[in-house]
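# Observations on chain architecture
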Amino acid sequence: MARTAHYLLTGLSLDPGTALPLHRQLYAQLRTAILAGRLTPGTRLPSSRLLAAELDCARGTILLAFDQLHAEGYLHSSAGAGTFVAEEVPDHLLAVRQSSRREGGGERRVRLSNHAATLLANPMRHPPPGSEAPFQIGQPALAEFPRELWAKLTAETWRAPGGARLLAASPAGHPPLREAIADYLRTARGLDCRPEEVIVTSGTQQALSLIARLLLDPGDPVWLEEPGYPALRPILVAAGARIAPIPVDDEGISVADGRRIAAAARLVAVAPSHQYPLGTVMSLARRLELLRWAEGADAWIIEDDYDSEIRYRGRPLEPLRLLDETGRVIYVGTFSKVLFPGLRLGYLVAPRALAQIIVCAIPLLEPPASMIAQATLARFIAEGHFAVHLRRMRHLYAARQAALVAAARHHLAGALTLEPDDAGMHLVGYPTPEWTPDFDDLAFADAAANAGITLSPLSRYYAGQVRKMGLLFGYAASPPEAIEDAVERLGTLIGS
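Here is a short report on the structure shown in this document. Each chain has its residues counted from 1, running along the sequence as written. Totals for whole chains, interfaces and linings use every residue, but because this is a predicted model, local features are given only for residues with pLDDT of at least 70 and side-chain atom pairs only at 80 or more, for both listing and counting. To get the side-chain values, take all heavy atoms of the structure and skip hydrogens and water.

Before going further, it helps to examine the sheet that holds strand 10 (residues 329-334). Sheet strands pair via backbone hydrogen bonds, and the direction of the pair is either parallel or antiparallel. Only strands that DSSP links by at least two bridges are regarded as paired with each other. By the criteria applied, helices consist of DSSP H or I runs no shorter than four residues and strands consist of E runs no shorter than two, each listed in order from the N terminus. Taken in spatial order, the eight strands line up as 4-11-10-9-8-5-6-7 in an open sheet, and their pairing is mixed. Strand pairing shows two members of the sheet lacking a second neighbour, strand 4 (198-201) and strand 7 (252-253), which therefore form its edges. Relative to strand 7, strand 6 (residues 242-249) runs antiparallel, the two sharing two bridges. Pairing of aspartate 249 across the sheet is with glycine 252, part of strand 7. Every residue pair with non-hydrogen atoms within 4.5 Å of one another is taken to be in contact. Between N-to-C directions, angles cover 0 to 180 degrees, with each direction set by a line fitted to C-alpha atoms, over the stretch in contact for helices. Along the sheet face, helix 9 (residues 204-215) touches strand 4, strand 8 (267-270), strand 9 (300-304), strand 10 and strand 11 (346-349) and points at about 155 degrees away from the line of strand 10.

Okay, here's the thing in structure tokens:
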């Protein structure tokens, strides 16, 4: 059965106010759609009566346009069946169109902004969507997610009485979800926060974007951990910030270096519980030093509680916000890393005065997150499913980390060293001096990608001078047998 191009009814428009006759306007629009491939060969057009009624014109206008297209070979008709796009559009027209595209005749040169050029200068390499290549960063164990339970909660959310679920979400987020997050943070992280201080976002990046655009003026310096999360840089640059990469040592971000590099910074973004990508835990002395600096500089601290829930030994570390007595810390978290990336839900916890400002600004700056997803997640947390899932994932990821460490010691000994970590979903492999003195993590990651293995080069996480080379192994999504096989293949690659 031929496909009918009903979408054309909203894609065409006629303007009686121009000098060009209406039938020529319609002829030109249909001809362009055919040559551009939007109307494919064999597509049946709506009847002339239907088009005339939709375009509010005489049927004769439609017939004149159709007759011209018939004469030029773009359309053909079949008695009783309708009007169709020709199976073979005139070859010379297609040849002209294709050759002009090849030569760039119809292409406009794209002039990028300085921000876009900076953003695209050093893109991160990502596997194709749906890829199951081992060691992807930030990928949870999707096969272990309780999909049937989530589907059941989603279906019940859709069937809830009234139409509230179909409306746009509140700028601050679905109230039951804000309450569930506040309850969870009080219980699991010891944060004394109230629902009105919690704002639901579409993830960590949206939270940072909101904060940066409300608190920063163009040219304001911002401290970022070095190395650190690369996705934060373009967000801050878009807000006009001046990035100040501050080295991370064994105690966390170096406040002394920060004072020296950009003493007047307005904002600092840190992950004190488990720094990304190195996994460093910020010491108590360094936390207090950072808070003292922020108070003296009248600066804000964004605390990204990255991987705080995925801890294998002892209780999760206390957040920096618990030490904050002057309301300087904005706490940020995400559910996408621990549940599934497509969820795109996170949150921020801000001092009440700032939270009220953010709520007022959200409708002007950012669209709210999906209402259905928020309502489903609220139940998932409130009914205890989130806590159960986290406990299962901690045991699962601990076993997978152990499998990775054991496989690396067996197959990569003498080349890469991977040490176990008390938290997180990835490990960093560092090259040994005896393997190669001039190790290039970018080149090795490309070679591994050609072998179907996704490794993230540590050098890409630096905004300034690269101080360490290494490779990030995300182990959460890979079962032990897949880890063993992939590490063995890497050993073969190293030995080749």
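That was the structure; now back to the text.
So, on to unusual backbone geometry. In this structure, proline 227 follows glutamate 226 across a cis peptide bond, with omega equal to 5 degrees. As for its placement among the helices and strands, proline 227 is situated in the loop between strand 5 (221-226) and helix 10 (232-238). Along the chain, tyrosine 276 connects to proline 277 via a cis peptide bond; the corresponding omega equals 15 degrees. Here proline 277 lies in the loop between strand 8 and helix 12 (284-297). A positive phi angle is found at aspartate 298, which is not glycine, with a value near 55 degrees. Residue placement: aspartate 298 occurs in the loop between helix 12 and strand 9. Look at aspartate 298 and you get partly exposed, because its relative accessible area is 46%. For arginine 344, which is not glycine, the phi torsion reads 55 degrees and is therefore positive. Partly exposed describes any residue whose relative accessible area lies between the buried limit of under 20% and the exposed limit of over 50%, with all areas from a 1.4 Å probe on protein chains only and scaled to the type maximum.

The next thing to look at is a nonpolar patch on the surface. A cluster of nonpolar side chains, Leu284, Leu288 and Leu323, forms an exposed patch at the surface whose accessible area comes to about 240 Å². Position of leucine 284 relative to the elements: it lies in helix 12. The patches reported here contain residues having more than 30% relative accessible area and no salt bridge. Joining distances are 9 Å for like charges and 5 Å for nonpolar side chains (Val, Leu, Ile, Met, Phe, Trp, Tyr). Reported accessibility uses the Shrake-Rupley method at a 1.4 Å probe radius. Residues are deemed covered only where the shown protein chains occlude them. Whenever Lys or Arg places a side-chain nitrogen within 4 Å of a carboxyl oxygen from Asp or Glu, that contact is recorded as a salt bridge.

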